[in-house]
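Spelled out from the first residue to the last, the chains are:
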Protein chains: 2
Amino acid sequence: MMLDYPALAAVAAVMREGSFERAAERLGVTPSAISQRVKALEERLGTILVVRGQPCTATSLGRRLCAHVDQVQLLEADLASSLYGAETPVTLKVAVNSDSMASWFPEAAAEFARNSGCMLEFILEDEAHTADRLRSGEVVAAVSADPSAVQGCRTIELGEIDYLACSSPAFIARHFPDGVTAQALNQAPCLRFDRRDGLQARWARERHGIDLDPPTHWVPSTLGFLHFALEGMAWGMQPVVLARGPIERGQLAELSPSTSIRVTLYWTVARLQASALKTLTDAVRRVARSRLIQPD
Amino acid sequence: MMLDYPALAAVAAVMREGSFERAAERLGVTPSAISQRVKALEERLGTILVVRGQPCTATSLGRRLCAHVDQVQLLEADLASSLYGAETPVTLKVAVNSDSMASWFPEAAAEFARNSGCMLEFILEDEAHTADRLRSGEVVAAVSADPSAVQGCRTIELGEIDYLACSSPAFIARHFPDGVTAQALNQAPCLRFDRRDGLQARWARERHGIDLDPPTHWVPSTLGFLHFALEGMAWGMQPVVLARGPIERGQLAELSPSTSIRVTLYWTVARLQASALKTLTDAVRRVARSRLIQPD
């Protein structure tokens, strides 16, 4: 059986753009052409693929079909240059954790884009869905702190990032006049990126033997997280690469000196024989080797 | 009727932490105590409130009850200081767009936290859900570029942000040797934050009369978006406050000089008589007045 690929491309465009109108603009056809293609495919399959709404979203079968189209396009990319010369560039969907996106990953992405001509679509890694998205093929690779094996993928260790417990010097003077004590740690406002962010609790436990349960600001933005510390609102674990400059300028300080903790990052990538994926993995490993801490 | 508030607090903690175990740690009770409270409330109401999973999520009734608890705690905060003196600080949930979070908003948040003693929980604003979240009370306020009225809320204009079409000088020399033409714009790789990000298309249309349909990198991270331009992977609309430094250092340049576009930001806030909300709105307006462009 061959699937109806023009119809699938219409479904994928509606998913990406969120509406039939924008998908139509994107593909250079009328919205009613898009609508007919999607509907015809839904009728043939006897099931809904697109949940109409603001924005439109995919049903789980819709998502699986879009993932399949992405993978077919990735495999086609290896043919395309020999068949037609220059082609519409293929887009790889990748999940990346926020701190990597804000530091070393763009260099790897730039090297990959130069070497492959491919485009990249990022989603920020999230606790619940990254493994599911890899398993279903919705993303073809992910950078995360999670070493778990994912079916159909291989996982490579990339290196480590150091995090420092930081806030503004004024915040530290006010909340930690006697240094880091259990009482001070549980009264001073603390930052958390999101609910999977256990770095602050890990630092308190590993470095000071304290169970952490402080008043918490929840700030799911790498730059916001840094600015909240700079503003002296709270303390939090900052990646060294972002904290170093402000520490040198006296805008940030460590709660207790030289008590960094390390997080290991992993690259989980689909086992798919596509040269674009190999080029991406090569670029990620090369940049990770020079920008992340390598164990021994 | 009075709801079972200890049980509701358990439901809210499970939502926030994502699991019964972490909620139990947080509230200083055993996981089985949390589980019993949630189950008892679900049996009394005859419906499920928490979808058990990794992580646990709320049903729509569960979300409405949690939003109600948040609002009750906000109103209680006005009583608490007179009733008990110092209290566990209340947490306000606010949606903020990513560029504001990375620039002017932390200053407003810091002023608010100093003046109120409240904690803040942020979610990044998203196209589909911000208005719903305001309507249901899940968040009490939002910064967005969307002026639409939301039932039960008032909307205040905060000011404007300028965006510049930027990339690295090398990217511009390679892709725009003859300046900004329709052909060059539709071949040069372009950045988009997410599917609601129409800034690049708006700039091409308003400043050059060109319909934009280029190869696109999708980068939903403010710092990632900036780094991709610095790496010369693509061009995109950067907020002036982030682009100014790199432009002065020669790391970024404008595609065509002095063709910024402006985006108006709004503050949409629940009509709720709670002094914490008034303090937050005052801080947001004051900082917006000094950090955003004010129309005459």
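This is a predicted model, so every value here is computed, not measured. (Residues numbered from 1 in each chain as written. Chains lettered and ligands numbered in written order. Predicted model: local features only at pLDDT ≥ 70, side-chain atom pairs only at ≥ 80, totals over all residues. Heavy atoms only, no water.)

Some words on the interface of chain B and chain A
Then, in step 1: Contact with chain B, which involves 47 residues of that partner, is made by 47 residues of chain A.
Then, in step 2: Together, B:Arg26, B:Arg195 and B:Trp218 form the three largest contributors to the area buried by chain B at its contact with chain A, with a combined 18%.
Then, in step 3: Across the chain B-chain A interface, the total number found is four salt bridges.
Then, in step 4: Taken together, the connections running from chain B to chain A amount to 20 residue pairs in polar contact (both at pLDDT 80 or more).
Then, in step 5: Contributing elements (two or more residues each) for the side of chain B that touches chain A: helix 1 (5-17), helix 2 (20-27), helix 6 (105-116), strand 4 (119-124), strand 8 (216-218) and helix 11 (222-230) of chain B.
Then, in step 6: Residue composition of the side of chain B that touches chain A, by class: 27 nonpolar, seven polar and 13 charged. (Contact = heavy atoms within 4.5 Å. Buried area = accessible area lost by both parts, 1.4 Å probe. Salt bridge = Lys/Arg side-chain N within 4 Å of Asp/Glu carboxyl O. Polar contact = N/O pair within 3.5 Å; in protein donor to acceptor, adjacent residues only side chain to side chain. Helix = DSSP H or I, 4+ residues; strand = E, 2+ residues; numbered from the N terminus. Nonpolar A, V, L, I, M, F, W, Y, C, P; charged D, E, K, R; others polar.)

Observations concerning the packing of aromatic side chains
Then, in step 1: In this structure the tally under the stated criterion is 14 aromatic pairs over all chains.
Then, in step 2: Judged by centre distance (5.5 Å) and plane angle (85°), the ring pair of A:Phe122 and B:Phe228 falls under edge-to-face. With A:Phe122 in strand 4 (residues 119-124) and B:Phe228 in helix 11, this residue pair bridges two chains.
Then, in step 3: Judged by its relative accessible area of 3%, A:Phe122 falls in the buried class.
Then, in step 4: Between B:Phe193 and B:Phe225, the ring centres sit 6.4 Å apart and the planes meet at 50°, which makes this aromatic pair tilted. Here B:Phe225 lies in helix 11 and B:Phe193 lies in the loop between strand 7 (190-192) and helix 10 (199-208), a separation of 32 residues in the sequence. B:Phe225 matches B:Phe193 in its accessibility class, with the two residues each being buried. (Phe/Tyr/Trp six-rings, centres within 6.5 Å; stacked < 30°, edge-to-face > 60°. Buried < 20%, exposed > 50% of the residue type's maximum accessible area, 1.4 Å probe, protein only.)

With respect to the packing of helix 1 of chain B against helix 2 of chain B
Residue and element names in this part refer to chain B.
Then, in step 1: As a packed pair, helix 1 and helix 2 sit with axes 8 Å apart at the nearest point and diverge in direction by 120°. On the basis of their axis angle, the class for helix 1 and helix 2 is oblique. Like other packed secondary-structure pairs, helix 1 and helix 2 cross with a definite hand, here right-handed. Residues Ala 9, Ala 10, Ala 13, Val 14 and Glu 17 of helix 1 form the contact with helix 2, whose participating residues are Phe 20, Arg 22, Ala 23, Arg 26 and Leu 27.
Then, in step 2: When grouped by side-chain class, the residues that make up the contact of helix 1 with helix 2 number seven nonpolar, no polar and three charged. (Axes fitted to C-alpha atoms, helices over the stretch in contact; angles between N-to-C directions. Parallel < 35°, antiparallel > 145°, perpendicular 65-115°, else oblique. Left-handed = near helix turned anticlockwise from the far one by under 90°.)

Thoughts on the UniProt feature "domain: HTH lysR-type" (unreviewed entry) in chain A
Then, in step 1: The positions UniProt marks with the feature "domain: HTH lysR-type" (unreviewed entry) are residues 3-59 of chain A.
Then, in step 2: Across residues 3-59 of chain A one finds 63% helix and 7% strand; the C-alpha atoms that close the span lie 18 Å apart. (UniProt positions renumbered as here; feature names shortened; annotations may be inferred.)

Here's the deal with the pattern of salt bridges
Then, in step 1: Applying the stated criterion across every chain yields a total of 30 salt bridges over all chains.
Then, in step 2: Residue A:Asp213 is joined to B:Arg26 by a salt bridge in which the shortest nitrogen-to-oxygen separation is 3.5 Å. With A:Asp213 in the loop between helix 10 (199-208) and strand 8 (216-218) and B:Arg26 in helix 2, the pair connects residues from two separate chains.
Then, in step 3: B:Arg26 sits in the partly exposed class, given a relative accessible area of 26%.
Then, in step 4: Residue B:Glu42 is joined to B:Arg52 by a salt bridge in which the shortest nitrogen-to-oxygen separation is 3.0 Å. Here B:Arg52 lies in the loop between strand 1 (50-51) and strand 2 (57-58) and B:Glu42 lies in helix 3 (residues 31-45), a separation of ten residues in the sequence.
Then, in step 5: According to the relative accessible area criterion, B:Glu42 is buried, its value standing at 6%.
Then, in step 6: Where salt bridges share partners, they join A:Glu17, A:Arg26, B:Arg192 and B:Asp213 into one cluster.

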